[in-house]
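Structural description and commentary
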Amino acid sequence: MSITVSGINKNFGDFVALQDINLEIPSGQLTALLGPSGGGKSTLLRIIAGLENADSGSITISGQEATHLPAQKRNVGFVFQHYAAFKHMSVAKNIAFGLEIRKLPKARIKEKVDSLLELVHLTQFADRLPAQLSGGQRQRMALARALAIEPSVLLLDEPFGALDAKVRKELRDWLRRLHDEVHVTTLFVTHDQEEALEVSDNIVVINQGRVEQVGTPDELYDQPANDFVLGFLGPVTEFQGRLVRPHDLEVFRQEVPGAVAGRIARSTRVGFEVRLEVELNGSADAAPVNVVVTRGEARALGLTVGDTVFLGLQAVLV
Amino acid sequence: MKPETLTRPAAAGLGLALLWFSVLVLIPLAAIVLSSTAGGWQQFIGTITDPETFAALRLTVLQALGAALVNVVVGTTIAWVLVRDRFPGKAVLEVIIDIPFALPTIVAGLVLLSLYGPESPLGINVVNTQQGIFLALLFVTLPFVVRTVQPVLIELDQDVEEAAASLGAGRFTTFRRVLLPALIPAITAGASLAFARAISEFGALVLISGNTPFETEVASLKILKFIEGDNRAGAASVALVLLVVSLVVLVALDILQRKVARRG
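Residues numbered from 1 in each chain as written. Chains lettered and ligands numbered in written order. Predicted model: local features only at pLDDT ≥ 70, side-chain atom pairs only at ≥ 80, totals over all residues.

**Side note on the overall build of chain B**
Assigned secondary structure in chain B consists of 12 helices and zero strands. Helices (α) and strands (β) of chain B occur, in sequence order from the N terminus, as α-α-α-α-α-α-α-α-α-α-α-α. In terms of overall dimensions, chain B has C-alpha extents of about 65 × 65 × 35 Å along its principal axes. Evaluated residue by residue, chain B yields a buried proportion of 33% over its 264 residues. If you take every contact in chain B between residues at least 6 apart in sequence, the share linking residues at least 24 apart comes to 77%. (Helix = DSSP H or I, 4+ residues; strand = E, 2+ residues; numbered from the N terminus. Buried ≥ 20, exposed ≤ 12 C-beta atoms within 10 Å, placed from the backbone. Contact = placed C-beta atoms within 7 Å.)

**Describing the UniProt feature "transmembrane region" (unreviewed entry) in chain B**
When the UniProt feature table is mapped onto this chain numbering, "transmembrane region" (unreviewed entry) sits at residues 12-34, 61-83, 95-117, 129-146, 178-199 and 234-256 of chain B. Between the end C-alpha atoms of residues 234-256 of chain B there is a gap of 33 Å, over a span that is 100% helix and 0% strand. (UniProt positions renumbered as here; feature names shortened; annotations may be inferred.)

**Some words on the interface of chain A and chain B**
Listed per partner, the contact involves 20 residues of chain A and 17 residues of chain B. Looking at the side of chain A that touches chain B, the elements with two or more residues in it are β6 (76-79) and α2 (91-101) of chain A. Counting residues per element, the side of chain A that touches chain B draws most heavily on α2 of chain A, which supplies four residues. For the side of chain A that touches chain B, the class distribution of residues is 12 nonpolar, four polar and four charged. (Nonpolar A, V, L, I, M, F, W, Y, C, P; charged D, E, K, R; others polar.)

**A closer look at helix α9 (residues 171-199) of chain B**
With 29 residues, α9 of chain B extends only 36 Å from end C-alpha to end C-alpha; this falls clearly short of the ideal 42 Å at 1.5 Å per step. When the local axis directions of α9 of chain B are compared, the greatest deviation, roughly 55°, occurs at L180 of chain B, which is followed within four positions by the proline P181 of chain B. (Expected span 1.5 Å × (residues − 1). Bend = angle between axes of the 7 residues up to and from the residue.)

**Structural notes on the packing of helix α7 (residues 130-155) of chain B against α9 of chain B**
Residues and elements named next belong to chain B. Two elements in contact, α7 and α9, have axes separated by 8 Å at closest approach and are oriented at 160°. Of the possible angle classes, the one that applies to α7 and α9 is roughly antiparallel. Where α7 crosses over α9, the two elements pack in a sense that is right-handed. On the side of α7, the interface is formed by L137, V140, T141, F144, V145, T148, V149, V152 and L153, while α9 contributes A182, L183, A186, I187, A189, G190, A191, L193, A194, R197 and A198. Classifying every residue of the contact of α7 with α9 by side-chain character gives 16 nonpolar, three polar and one charged. (Axes fitted to C-alpha atoms, helices over the stretch in contact; angles between N-to-C directions. Parallel < 35°, antiparallel > 145°, perpendicular 65-115°, else oblique. Left-handed = near helix turned anticlockwise from the far one by under 90°.)

**Looking at the UniProt feature "domain: ABC transmembrane type-1" (unreviewed entry) in chain B**
The UniProt entry lists residues 57-253 of chain B under the feature "domain: ABC transmembrane type-1" (unreviewed entry), expressed in the numbering used here. Helix makes up 77% of residues 57-253 of chain B and strand 0%. Its end C-alpha atoms lie 20 Å apart.

**Side note on the packing of helix α6 (residues 105-116) of chain B against α7 of chain B**
Residue and element names in this part refer to chain B. Taken N-terminus to C-terminus, the directions of α6 and α7 make an angle of 130°; their axes are 10 Å apart at the nearest point. Classified by the interaxial angle, the pair formed by α6 and α7 is oblique. The hand of the α6/α7 crossing is right-handed. In this structure, α6 contributes T105, A108, G109, L112 and Y116 to the contact, and α7 contributes G132, L135, A136, F139 and V140. Here the residues of the contact of α6 with α7 are counted per class, giving seven nonpolar, three polar and no charged.

**Quick word on the domain arrangement of chain A**
Split into domains, chain A comes out as domain 1 (3-232) and domain 2 (241-317). Each of domain 1 of chain A and domain 2 of chain A was reduced to a C-alpha centroid, and the two centroids are 41 Å apart. (Domains from an automatic or database assignment.)

**Re helix α1 (residues 41-49) of chain A**
Residue and element names in this part refer to chain A. The element α1 is extensively covered by neighbouring structure, given that nine of its nine residues are classed as buried. If you check which residues of α1 are buried, you get K41, S42, T43, L44, L45, R46, I47, I48 and A49. At the C-terminal side of α1, G50 shows a positive phi close to 85°.

**So, the sheet that holds strand β1 (residues 3-12) of chain A**
All names here are of chain A. With antiparallel pairing, the four strands of this open sheet are ordered in space as β2-β1-β4-β5. Strand pairing shows two members of the sheet lacking a second neighbour, β2 (15-25) and β5 (64-65), which therefore form its edges. Summarising the sheet, β1 and β2 pair through seven bridges and their orientation is antiparallel. Its bridge partner being in β2, T4 is matched across the sheet by E24. Lying on the sheet, α1 is in contact with β1, β2 and β4 (56-61); it crosses β1 at an angle near 120°. (Pairing = 2+ DSSP bridges.)

**Some remarks on the confidence of the model for chain B**
Looking at chain B, the pLDDT average stands at 88 and 97% of residues meet or exceed 70. With pTM at 0.80, the complex prediction returns an ipTM value of 0.85. (pLDDT = per-residue confidence, 0-100.)

**Describing the UniProt feature "domain: ABC transporter" (unreviewed entry) in chain A**
The sites that UniProt annotates as "domain: ABC transporter" (unreviewed entry) are residues 3-233 of chain A. Between the end C-alpha atoms of residues 3-233 of chain A there is a gap of 25 Å, over a span that is 37% helix and 26% strand.

**A word on the environment of V83 of chain B**
All names here are of chain B. Tracing the sequence through the fold places V83 in helix α3 (residues 51-84). On the basis of neighbour counts, which here come to 15 C-beta atoms within 10 Å, the residue V83 falls in the partly exposed class. Residues contacting V83, with those up to four places away along its chain left out, are Q150, L153 and I154.

**Examining the sheet that holds strand β9 (residues 202-207) of chain A**
All names here are of chain A. Read across the sheet, six strands follow the order β6-β7-β8-β3-β9-β10 without closing on themselves; strand pairing throughout is mixed. The open sheet has two edge strands, β6 and β10 (210-215), and neither has a second partner. Between one strand axis and the next, the sheet turns through 15° on average, direction left out of account. Of the strand pairs in this sheet, β9 and β10 are connected by five bridges, and their pairing is antiparallel. Paired with N207 across the strands is R210, a residue of β10.

**Thoughts on the domain arrangement of chain B**
Residue and element names in this part refer to chain B. We note that the domain assignment places domain 1 (9-38) and domain 2 (40-263) within chain B. Here domain 1 and domain 2 have C-alpha centroids that lie 27 Å from each other. Facing six residues of domain 1, the contacting portion of domain 2 comprises 10 residues. Of the residues assigned to the side of domain 1 that touches domain 2, the class counts are three nonpolar, three polar and no charged.

**Remarks on unusual backbone geometry**
Phi is positive for H183 of chain A, which is not a glycine, with a value near 60°. Relative to the helices and strands, H183 of chain A resides in the loop between α5 (165-182) and β8 (185-190). In this structure, F214 of chain B is a non-glycine residue whose phi angle is positive, near 70°. Mapped onto the elements, F214 of chain B comes out in the loop between α10 (203-206) and α11 (219-228).

**Section: the nonpolar core**
Residue and element names in this part refer to chain A. Formed by 82 residues in total, the largest nonpolar core has its most connected members in I95 and L155. Per element, the largest residue contribution to this core is seven residues, and it comes from helix α4 (residues 135-148). Each residue touching L155, except ones within four places of it in the same chain, is listed here: L45, I48, A49, V76, G77, F78 and L187. (Core = buried A, V, L, I, M, F, W, Y, C linked by C-beta atoms within 7 Å.)

Below, the structure is given as structure tokens:
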């Protein structure tokens, strides 16, 4: 195990940030800490990095007891949401910083910086100042800077949070490919469930200072431990007293055994999918059931607002 | 070259700025240069190489440099404490820092005289000594570095320091390589202001310096002496030297600042 977190507690005044956290982060994998803002995931990451102290509990990094080690001695690469670039240093100097601290020979530093620049596709920007780079480029520089020290673990705190949607998506794909190349144990914090599902090998869902569930993206999506995890990983709707995903409901035009009749109250088309709000017969006061079908299905069934339809759970789930 | 982009309001603004600047600064400066050489360059050289005048100039410049230097260290430290530390009485200290700005400098001289003069309750008498001059200069220049560094320090992201720490840098290395380069422009600006103020200080010194030739006579008081002796050209000559020294120091500090800030 690359990072072992045992019995970590942390309070800020009256606020309980983390409550008895126990985790094993496997080595060589990309693990996401996923949860809503203020849920404690960043605090946990900062405690692992030594930037924050836990009130109690212990941290082990690569088998080494690290609870009382200062951040300087943990050999942890940390990437911040807002880049934390050294503004007066060139890109190359930024990347070289940790190596210069470690007093590597000049030629060796240059060699390493050059290969890292190549890895993050910033070779032609080596002599620029961070202010002359775009947000995405700055974050790649920060990543190269963190990787330069050959960290035993790489920690990223909402690394794409400050970027716009398109760049965020690009960088996310790029991080995944980079990780497949470098294989450093990586732990990254995100509140974006899509990001976590897409990029990571494992996901730890954290909410209100507690671990809700740990598992692979598939496990979490298909077998959520509780309603919170189910709700956080994707859209949900209430159907016959249980929470289900809108796309797990099937729409029929004729009465089918087990299906419930209702009326389409609203229909919104978003790209390739059509979102329906269906008011079930005899439960007009309850919130409408949300159903998602593809545009093709909607067209084939000829669904329009006001139509009566029958809703049932897809066979595999019943 | 950029193309001409002066709109009508911008032109009016530029005109006003130049007029104002000329009336208040440029024309008086030119007048000083002119009157200092009214009796010819020979007389100018004669005035400033006069041992008594030269001693006053040297004392002033050295004292001002010393005061600026002390302010660089102490002022930066005070700014640091005010921004980064929390302690009771901080709000009061914030206000007190500006008192040397707010106080008429002659009052500052008076305060120093009663505290460190012949009737000092502390038993310390610095009147008529160079230490006394230095003390007065430190008092009136204290806020400059504090007030220029403070806002920059507030704006500095602390995650930059955390990044340096996670890369293995100790506190001192982080300060030297990450924080200091960011603060240097502000520190230099503050030091320049403190130096300029110190070199021209009059009010705070008139009571405490004693004004003994070769010992404690500073340039501003020397100028007064020249004027009282109806030697306008002499007064203007000393003023011109102060002007040139100020200019040289300001430019030198600016060059130094650029070099240090780039080095990292």
